[in-house]
Amino acid sequence: MSTPTHPVIDALRGRLIVSCQAYPGEPMRHPETMAQIAQAAVEGGAAGIRAQGLADIALIAERLPDVPLIGLWKVGADGVFITPTLRHARAVHAAGAGIVAIDGTRRTRPDGLTLAGTVAALHAGDTGAGDTGAEPALVMADCGSVDDALAAADAGADLIGTTLAGYTGDRPKTDGPDLDLLTRIADRLPDVPLIAEGRIHTPAQATAARDAGAHAVVVGTAITHPTTITGWFAAAL
Ligand SMILES: CC(=O)N[C@H](C=O)[C@@H](O)[C@H](O)[C@H](O)COP(=O)(O)O
């Protein structure tokens with residue numbers, strides 16, 4: 001178990017974060033729908049919400065002001081696509097996400113900044129207009145490997161996520177959560193809050209991820225993506 005140093009991170013210890021996302025062209029892609037799903041998830045026991053896109057983030061922050069919110073902005077679906085630049089990250093923070101999830105891999109970022117430079121700017125609360133009045137953001141680095149995680153911790157990320165395990169070519173795409181990766185990162189970085197994310201589809205997998213060393217567990221698809229869940233049942237029949 002990690003050693004959090006921030007009340008928001010501490011509030012997530014051992015808890016569930018629900019990722020509420022609908023993808024381009026899908027029937028549920030509407031901020032109101034995602035806000036309602038987020039509210040329903042909190043009623044069910046979620047301690048935090050993860051949301052994509054400025055409109056969804058802003059509405060969820062308004063409806064659930066006391067719930068830790070991890071925000072991201074996806075640009076495309078290949079390469080560095082999770083909050084790829086400092087501009088995107090600042091916008092996510094300004095929309096109301098206290099925690100900004102960004103690509104935390106070692107790949108070249110589209111704006112040419114380093115991960116450390118991006119994290120430092122978000123920590124400084126610099127809005128990009130030259131002032132430093134904004135509340136500092138917490139930064140979650142979405143990683144795909146142990147080496148990504150080590151580099152992201154060096155770069156000053158507040159939380160390390162396994163979000164991109166199986167999506168960058170560094171790790172096989174496991175059926176469920178990549179427990180081996182979680183164990184390895186937790187072993188190397190015992191003091192950095194580790195967020196298990198990706199392909200956690202059952203309560204047993206969630207507890208296994210926690211037991212592998214995760215500070216908190218993110219579940220998306222299995223709670224908030226009915227088209228996929230329906231497909232699991234339809235395929236079984
Ligand atoms: C790789 C990527 O783009 N992951 C995204 C990150 O925000 C989302 O599409 C996932 O739904 C989220 O990570 C939760 O994972 P799962 O839906 O497997 O529980």
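An unreviewed UniProt entry annotates the chain as Putative N-acetylmannosamine-6-phosphate 2-epimerase of Tersicoccus phoenicis. According to the UniProt record, the Pathway (unreviewed entry) comment for the chain reads "Amino-sugar metabolism; N-acetylneuraminate degradation; D-fructose 6-phosphate from N-acetylneuraminate: step 3/5." In its Function (unreviewed entry) section, the UniProt entry covering the chain states "Converts N-acetylmannosamine-6-phosphate (ManNAc-6-P) to N-acetylglucosamine-6-phosphate (GlcNAc-6-P)."

1. Digging into the sheet that holds strand β2 (residues 48-52)
The parallel closed barrel is built from eight strands, whose spatial order is β1-β2-β3-β4-β5-β6-β7-β8. In this sheet, neighbouring strand axes are inclined to one another by 25° on average, regardless of whether the strands run parallel or antiparallel. With three bridges connecting them, strand β5 (residues 138-142) and strand β6 (residues 159-161) associate as parallel partners. Within β6, the position partnered with M140 by the bridge is L159. Packing against the sheet, helix α4 (residues 86-95) makes contact with β3 (69-72) and β4 (99-103), and its axis sits at approximately 160° to β4.

2. Focus on the site of the ligand
The local shell around the ligand holds 14 residues, among which Y23, K74, E197, R199 and T221 are the closest. Residue Q21 places a side-chain N or O atom 2.9 Å away from an oxygen atom belonging to the ligand. One of the side-chain N or O atoms of E197 is found 2.4 Å from an oxygen atom in the ligand. If the ligand stood free it would expose 440 Å²; the protein chains cover 91% of that surface. Within the shell around the ligand, the residues separate by chemical class into five nonpolar, five polar and four charged.

Calculation criteria
Residues numbered from 1 in each chain as written. Predicted model: local features only at pLDDT ≥ 70, side-chain atom pairs only at ≥ 80, totals over all residues. Heavy atoms only, no water. UniProt positions renumbered as here; feature names shortened; annotations may be inferred. Pairing = 2+ DSSP bridges. Helix = DSSP H or I, 4+ residues; strand = E, 2+ residues; numbered from the N terminus. Axes fitted to C-alpha atoms, helices over the stretch in contact; angles between N-to-C directions. Contact = heavy atoms within 4.5 Å. Near = heavy atom within 4 Å. Polar contact = N/O pair within 3.5 Å; in protein donor to acceptor, adjacent residues only side chain to side chain. Areas by Shrake-Rupley, 256 points an atom, 1.4 Å probe, with all protein chains shown as cover. Nonpolar A, V, L, I, M, F, W, Y, C, P; charged D, E, K, R; others polar.

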